[in-house]
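Fold and contact review
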Amino acid sequence: LAQESRIRRSIRYRSTVGSHPTSRLSAYYPITELAMSLLSGRHFVAAVLCGFALLPPTSRATYDVGDAEEEEEDDAMSVLQRPAMATPAAAASAAAVGASSKWPILVPLQRESVPLTRNGKTVSHKTSYAGAISIGHPAQDFRVVFDTGSAHVVVPSAACSSESCLEHRSYNISASSSALAVNVDGSQVEAGELGDQVTIGYGTGKVVGEFARDEVCLGGDSEETRACVKVSMVMAVEMTTQPFKSFNFDGIFGLSLDALAVAPEFSFFNRLAGSGFGGELQFGVFLAGPDAGQEHSSEIALGGHNSKRLLSPLQWTPVAKEQMGYWQIEIKEVRVGNKTLDVCKDGSCRGVVDTGTSHFGVPGSSIGEFQRALTTEGAEDEDCRFVDAPSMDLVLEGIMLSLGPPNYMRPLPIPVGVEVGSARGVTMESEGQVDQPVESASTSSHTGAATADSASKTSHACAPRIMPVNLPAPLGPNLFILGEPLLSRYYTVYDWKEARIGFGLAATKANKEALVQEGQEVDSQDEQQEEIYSFMQVTVTVSVRYKQAGVVARGRRTLTAPGLALPM
């Protein structure tokens, strides 16, 4: 879903032992020196007692929101976060899992397909892949999109009255005995105070939410087949109509690198990694595609990957600009047919691998070139996945990924002049624009083969499932979003520890048939989705609400990717 980049923070840490903005340990340096002195003097017992004094105080630290300038880097902030700790249930579960070697945990994903109609006729479908999680005690069940392009667990709050919230299951913090309302810094929201709020802008849509900490579980029904960990999450009190109302899933389960989160405690995988669980610091994603009988075959593997989902060995490529928080990789070249396009010749191209984006995103300045190269004639009843059209190759560091018409084409031919998709695509749009879909004529304004010349031969065209990406530096401008068209062909493994992504030919029905019939990999499937959605996080705004002289006040700061220069 295209989500946030590395976040700038305008929040300073203040230790409870002093008012100077500093790290917690700096207040203990004199004690450290005393301990060394005692050790050197052989006062062992005194030194041990002094060592206990080195432990951090149990009273909570506070965040001081000031007018400090934004920092390009916030490495220091990550050092100051509290260490991730497993809940007793999670720790017991991790121990049991380690003993039984049950990792990876497999979470089934269900494919949902929603028809998109024009003039009373279905011209395409929009799709999503969602799996089950539970939150709290007793468990509250939700279906969520597992999104590598965003960082937070987001579910509708019971206090949300937005139309999109009312269509889905909601989280009731009061009904969970393990829940706690918290602020962005992890501190408890005291009685009579307003909790902090966050506004998360995705590639399409946005949510406004408040913070809670609770136990989040995914996997099976028993301790041996599920993983649970306490994590800070977002309770949405507002959700835009597009795209949330259109689908049956309730929320988003962010799996980006933790630099994209407002704090490490909001990253589920970061919390899981710190809990001492028994699996590998990896997860794998398998999207089965739209073939009949495959609606329930997709899955995400947590704590490793499922080698049964591979038809070829994994090939690895490193994460680029890890500090930004995205699972993004360098793209050396892009080829369509036998032609190398100019877009990446200056070495500036990167691609965000995003399980939450429905289309294949290309730099906005090059959208016309891609449309002309990949669009071709089509008959009204033709399956566009099997038309004669060129392949598209992405040359990465040590790997080449290839997509054919079965991967990038919309299955249904589009009548010439019918508008589908989005002209805006993924952009840093203003909040007021989010609920206003903007569509483009995919078979007129951007096509090559399906323009006036081909319109005389046919009334329909086969068009690629691509969208423009218009993001400024440092994330853009030459940014690709590698969404479902690529992920339905390749099984992907995300290595948290080594900061790398593995690609292998997915063991889908379409890929297997292609290997048997053609002896090569040129096949996959195109989900019948059409309306664009993208949950790649692109902006985060935190409103820190605090009491001042007995009056509740609000402070507002915008946390964004470095260099995106959004208004404060």
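Chains are numbered independently. Their residues run from 1 in the order of the written sequence. The predicted origin of the model limits local features to residues at a pLDDT of at least 70 and limits the giving and counting of side-chain atom pairs to 80 or more, whereas totals for whole chains, interfaces and linings rest on all residues. Side-chain metrics in this entry use all non-hydrogen atoms of the structure; hydrogen atoms and water are not considered.

1. Some words on the overall build of the chain
Counting from the N terminus, the helices are DSSP H or I runs at least four residues long and the strands are E runs at least two residues long. When helices and strands are tallied, the chain shows twelve helices and 31 strands. Three labels apply to residues, based on accessible area from a 1.4 Å probe with only protein chains included: buried if under 20% of the type maximum, exposed if over 50%, partly exposed otherwise in between. When each of the 568 residues of the chain is scored for burial, the buried share is 57%. The contact rule is simple, with two residues in contact once any of their heavy atoms fall within 4.5 Å. Long-range contacts, defined as pairs at least 24 residues apart, comprise 74% of the intrachain contacts of the chain with a sequence gap of at least 6. Total accessible area on the chain stands at roughly 22,300 Å², and carbon and sulfur atoms take up 51% of it. All accessible areas in this document rest on Shrake-Rupley with a 1.4 Å probe, and a residue is counted as covered only by the protein chains that are shown.

2. Looking at the sheet that holds strand β17 (residues 339-340)
Read from one edge of the open sheet, four strands run β17-β16-β21-β22, paired in antiparallel fashion. Looking at the sheet topology across the chains shown, the edges are occupied by β17 and β22 (400-403). Think of it this way: DSSP has to see at least two bridges between two strands before they count as a pair. Note that strand β21 (residues 392-395) and β22 share four bridges and pair antiparallel. Following the sheet pairing, V395 is matched in β22 by M400.

3. Quick notes on the pattern of salt bridges
One side-chain nitrogen of Lys or Arg within 4 Å of one carboxyl oxygen of Asp or Glu is enough to make a salt bridge. Counted according to the given criterion, the structure contains eight salt bridges. For R309, the salt bridge goes to E299, with nearest N and O atoms at 3.3 Å. You can see R309 sitting in the loop between β13 (298-302) and β14 (315-318) and its partner E299 sitting in strand β13, a full ten residues away along the chain. We note a salt bridge from R335 to E333, for which the minimum N-O separation is 3.0 Å. Residue R335 is classed as partly exposed on the basis of its relative accessible area, which comes to 28%.

4. Some remarks on the state of the cysteines
Count a disulfide wherever a pair of cysteine sulfur atoms falls within 2.5 Å. In the structure shown here, the tally under the stated rule is four disulfides. Here C160 engages in a disulfide with C165; their sulfurs sit 2.0 Å apart. Across the S-S bond of C160 and C165 the torsion is about 75°, and the bridge reads as right-handed. In this pair, the class of C160 matches that of C165, namely buried.

5. Some thoughts on the nonpolar core
Among soluble globular proteins, nonpolar side chains are generally buried collectively. Among buried residues, those of type Ala, Val, Leu, Ile, Met, Phe, Trp, Tyr and Cys that are joined through side-chain atoms within 4.5 Å constitute a nonpolar core. Counting 73 residues, the largest nonpolar core has F146, F268, F480 and F503 as the members making the most contacts within it. No other element matches the five residues that strand β10 (residues 226-239) contributes to this core. By size, the runner-up hydrophobic cluster in this structure holds 39 residues, among which are F211, A263, Y326 and V540.

6. What about the pairing of strand β6 (residues 153-156)?
Of the two faces of β6, the one holding V153 and V155 and the one holding V154 and P156 are both buried throughout. Note: β6 against strand β11 (residues 251-254), two bridges, orientation antiparallel. Counterpart to V154 in the pairing with β11 is I252. In the sheet, β6 pairs with β10 via three bridges, with the strands oriented parallel.

7. So, the packing of aromatic side chains
What describes a pair of aromatic rings is the distance from one ring centre to the other and the angle between the planes of the rings. Only Phe, Tyr and Trp rings are paired, with Trp represented by its six-membered ring, and only when their centres lie within 6.5 Å; those with planes under 30 degrees apart are stacked, over 60 edge-to-face, the remainder tilted. Within this structure, the stated rule accounts for 14 aromatic pairs. A centroid spacing of 4.9 Å and a plane angle of 75° characterise the contact between W103 and F277, whose relative ring orientation is edge-to-face. With a gap of 174 residues between them, W103 in the loop between α4 (88-100) and β3 (105-118) and F277 in the loop between α7 (268-273) and β12 (282-286) connect regions that are remote in the sequence. On the basis of relative accessibility, which here comes to 11%, the residue F277 falls in the buried class. Ring geometry for F286 and Y491: centres 6.5 Å apart, planes at 45°, overall tilted. Highlighted residues: F286 in strand β12 and Y491 in strand β28 (residues 490-495), separated in sequence by 205 residues. Linked through ring pairs, F269, F283, W327, Y494 and W496 together constitute an aromatic cluster. Placement of a positive charge over a ring is assigned whenever Lys NZ or Arg CZ falls within 6 Å of the ring centre and within 35 degrees of the normal to the ring plane. Above the plane of the ring of W316 lies R500, whose end atom (NZ or CZ) is 3.9 Å from the centre.

8. Digging into unusual backbone geometry
Omega for the bond connecting H137 with P138 falls within 30 degrees of zero, at -5°, which places this linkage in the cis form. Looking at the element boundaries, P138 is found in the loop between β4 (121-135) and β5 (140-147). Cis peptide bonds are those with omega within 30 degrees of zero, and the linkage from Q242 to P243 qualifies with 5°. For P243, the location among the structural elements is in helix α6 (residues 241-244).

9. Examining the sheet that holds strand β25 (residues 460-462)
Overall, antiparallel pairing links the three strands, which are arranged β20-β25-β23 in an open sheet. Edge positions in the sheet fall to β20 (376-378) and β23 (414-415), since each of these pairs with one other strand and no more. In the sheet, β20 pairs with β25 via three bridges, with the strands oriented antiparallel. Bridged to G378 within β25 is H460.

10. Comments concerning helix α8 (residues 367-374)
The set of residues buried in α8 consists of I367, G368, F370, Q371 and L374. Looking straight down α8, one finds its buried side chains confined to an arc of 165°; they lie on one side. The arc in question is traced by the directions running from the helix axis to the C-beta atoms.

11. Here's the deal with the environment of M409
Of note, M409 is situated in the loop between α9 (405-408) and β23. On the basis of relative accessible area, M409 is assigned to the buried category, the value being 0%. Measuring from C-alpha to C-alpha, the distance between M409 and A463 comes to 6.0 Å, with 54 residues separating the pair along the chain.

12. A few points about the environment of N270
Along the chain, the position of N270 falls in helix α7. Note on N270: relative accessible area 18%, which makes it buried. For N270 and D258, which are twelve residues apart along the polypeptide, the C-alpha to C-alpha distance reads 6.5 Å.

13. Details of the environment of S348
Within the fold, S348 resides in the loop between β17 and β18 (350-353). As a C-alpha pair, S348 and G476 span 128 residues in sequence and 8.7 Å in three-dimensional space. We call two N or O atoms a polar contact when they sit within 3.5 Å, provided that within protein one can donate a hydrogen and the other can accept it, with sequence-adjacent residues counted only if both atoms are side-chain atoms. Side-chain polar atoms of S348 contact the side chain of D346, separated by 2.7 Å. At 2.7 Å, the side chain of S348 forms a polar contact with the side chain of N478.

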